[in-house]
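Reading the structure
Each chain, written out:
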Amino acid sequence: MSAQLETLARTVRVAARALGRAGLVHAYGHCSARIDAASFLVAPSRPLGLVRPGERCTVVPLDGDLPEGVLPEVRVHREIYRRRPDVGGVARIQPPKLMSLSVLGRTPLARHGFGAYFHPQPPLWDDPLLLRSDVQARRLAEQLGDARAIVMRGNGAVTAGQSLQAAVVLAWYLEDAARVELDCLSAAAHTLPTCLSEEQSAVRATWDGRLLERMWDYLTAGDAELD
């Protein structure tokens, strides 16, 4: 493995463990980073929080079959990378608050700063079954469109960022938006929750001021493969 690819693999492993520590995945979930226009690198096929320093990641081509041992749902990553040249990282997650919200047939509205990144709200993939076919993966990627995330009813979510670091940060933002949405639903009988306007969200959903880097540092603090 080249030095450049090994550096990317380290990022994938660090991201995997960060998702695990943050409670955004459990025994299930996966993450990946784009290598180039023809391939991406996916985390080991094991609980992400248990990925070991130096453990081998797998190169997956955008064309052809999934490599042996790669989880079936990684085909979703492949379809997103095919359709979205702007995407450099994908995270498949199961955050608990978002899971609860999704079974209500809802996704979080842009009610606070972190929700602004998904304005007006993430699309809902209204199918609770596992994604184990290319047809399903293509349809989900098509429904994702240009959005940063798609919520899967009773089955977690997928985030797509310009880098894997961004996809991980967006996963945390999405879960926090779900927390706020559930709190608003519980209080709705007493007061009407507010939402950010399209203009407010456009201004608020920024990475200026090292917003991405600071959250990435927070989520990866203490990782064994970081200096």
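In short, a report on the structure. What you see is a predicted model, and the numbers here were worked out from it, not measured in a lab.

Let's talk about the side chain of N155
Along the chain, N155 turns up in the loop between β6 (149–152) and β7 (156–161). Note on N155: relative accessible area 10%, which makes it buried. Residues contacting N155, with those up to four places away along its chain left out, are E73, R92, I93, M99, S102, P128, L129 and L130.

Observations concerning the pairing of β7
One face of the sheet, then the other: side chains in a regular strand alternate in exactly this way. Burial of β7 is extensive: six of the six residues sit out of reach of the surface. Taken together, the five bridges between strand β4 (residues 89–93) and β7 define a ladder with antiparallel strand orientation. When the sheet's bridge partners are listed, I93 is paired in β7 with A157. Where β6 lies against β7, four bridges are found, and the strand directions are antiparallel. In the sheet register, V151 faces β7, and the bridge partner there is A157. Once β6 ends, the chain turns through three residues before running back antiparallel as β7, passing G154 with a positive phi of about 65°.

Observations regarding the packing of helix α5 (residues 164–187) against helix α7 (residues 211–220)
With their axes 9 Å apart at the nearest point, α5 and α7 run at an angle of 80° to one another. One finds that α5 runs roughly perpendicular with respect to α7. Residues Q165, A166, V168, V169, W172 and Y173 of α5 form the contact with α7, whose own contacting residues are L211, L212, M215, W216 and L219. When grouped by side-chain class, the residues that make up the contact of α5 with α7 number 10 nonpolar, one polar and no charged.

Cut-offs and rules
Residues numbered from 1 in each chain as written. Predicted model: local features only at pLDDT ≥ 70, side-chain atom pairs only at ≥ 80, totals over all residues. Heavy atoms only, no water. Helix = DSSP H or I, 4+ residues; strand = E, 2+ residues; numbered from the N terminus. Buried < 20%, exposed > 50% of the residue type's maximum accessible area, 1.4 Å probe, protein only. Contact = heavy atoms within 4.5 Å. Pairing = 2+ DSSP bridges. Axes fitted to C-alpha atoms, helices over the stretch in contact; angles between N-to-C directions. Parallel < 35°, antiparallel > 145°, perpendicular 65-115°, else oblique. Nonpolar A, V, L, I, M, F, W, Y, C, P; charged D, E, K, R; others polar.

As far as function goes, none of this settles anything; it's purely spatial.
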